[in-house]
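One letter stands for each residue in the lines below.
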Amino acid sequence: MGKFLSELISEPMISEWLSAATLIDDLFPRAHSDRQRHSFFPHHSLAVRSILDICEVNSVKFFSANLDSLRKLYIDQLQQLHSAETQITDALPKMIDAATEPQLKQALQTHLQETEGHVSRLEQILNQAKGSVDSKKCKGVAALIDEGEAVIKDATDDSVRDAGIIAAAQKVEHYEIAAYGTVRTWAQILGESSQARLLEQTLNEEKHADAVLNSIAETANTKADKAA
Ligand SMILES: [Fe+2]
Ligand SMILES: [Fe+2]
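Since we're looking at a predicted model, the values are computed, not measured. (Residues numbered from 1 in each chain as written. Chains lettered and ligands numbered in written order. Predicted model: local features only at pLDDT ≥ 70, side-chain atom pairs only at ≥ 80, totals over all residues.)

A. Structural view of the packing of helix α6 (residues 102–130) against helix α9 (residues 193–225). Running from N to C, α6 and α9 cross one another at 165°; their axes reach a closest spacing of 10 Å. When the axis of α6 is compared with that of α9, the two are roughly antiparallel. Here α6 and α9 pass one another in a crossing that is left-handed. For the pair formed by α6 and α9, the contact residues are Gln-103, Leu-104, Ala-107, His-111, Glu-114, His-118, Arg-121, Gln-124, Ile-125 and Ala-129 on the first element and Gln-195, Leu-198, Thr-202, Glu-205, Ala-209, Val-212, Leu-213, Ile-216 and Ala-220 on the second. Tallied by class, residues from the contact of α6 with α9 come to 10 nonpolar, six polar and three charged. (Axes fitted to C-alpha atoms, helices over the stretch in contact; angles between N-to-C directions. Helix = DSSP H or I, 4+ residues; strand = E, 2+ residues; numbered from the N terminus. Parallel < 35°, antiparallel > 145°, perpendicular 65-115°, else oblique. Left-handed = near helix turned anticlockwise from the far one by under 90°. Contact = placed C-beta atoms within 7 Å. Nonpolar A, V, L, I, M, F, W, Y, C, P; charged D, E, K, R; others polar.)

In structure tokens:
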């Protein structure tokens, strides 16, 4: 399907559409989360996604990040983390609604508030390091969130759903722990000590969230084992 479409759509057409999309992004630089973008420009988002899918199928590289230094790689990873955190901010309320165990709901609610702080810290760092945020879609966390949403949809027992939500949330926490550990270390190497401290704070909150979920899992898994 992608290949057939790509034969119908010429490169100048794609360039023109992407220019229009860039113009919209320039006009609304603060509309950084997928949810916000979608509410402003539902058709724009769909069109751009389709175009980028076609580009990917054909291995056409319109944008090259040109990662030829650790500093560029550091900023690239921070931009992806910003996307990850905004996606998590959108996903957590659905997980809180779907959870049954009050302790689990509370832990996810607390981490939602922390996650909003993680977005703010990344914006502070990116504004300082680059002068803008320019989020880059994090496909890893998008896939983990999709997995979690499928479990929520498919679980037919409350305690089994809770166990599935904990598993999905911990996968995301481990992704974040790996990513923040890396960018914190790169910030230290690059001499960005204040940025390293901010990233370390977030890293510690991710580790704490994971530990809290571990303790809730002890009883939640036992309850799930008694289901059906
Ligand atoms: Fe986070
Ligand atoms: Fe987290």
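B. Representation of the packing of helix α5 (residues 70–98) against helix α7 (residues 139–154) in the model. The geometry of α5 relative to α7 is characterised by a closest axis approach of 10 Å and an angle of 10° between their N-to-C directions. The angle between the axes of α5 and α7 places the two elements in the roughly parallel class. Of α7, the residues touching α5 (which contributes Ala-84, Gln-87, Ile-88, Ala-91, Met-95 and Ala-98) are Val-141, Ala-142, Ile-145, Gly-148 and Ile-152. Here the contact of α5 with α7 is composed, by residue class, of nine nonpolar, two polar and no charged.

C. Quick peek at the nonpolar core. Membership of the largest hydrophobic core comes to 44 residues, with the highest contact counts inside it found for Leu-78, Met-95, Leu-104, Ile-165, Ile-166, Ala-169 and Val-183. Of all the secondary-structure elements, those providing two or more residues to this core are α5, α6, α7, α8 (158–189) and α9. Here this core gets 12 residues from one element, more than from any other, and that element is α8. With sequence-adjacent residues up to four places away left out, Ala-169 is seen in contact with Met-95, Leu-108 and Leu-213. (Core = buried A, V, L, I, M, F, W, Y, C linked by C-beta atoms within 7 Å. Buried ≥ 20, exposed ≤ 12 C-beta atoms within 10 Å, placed from the backbone.)

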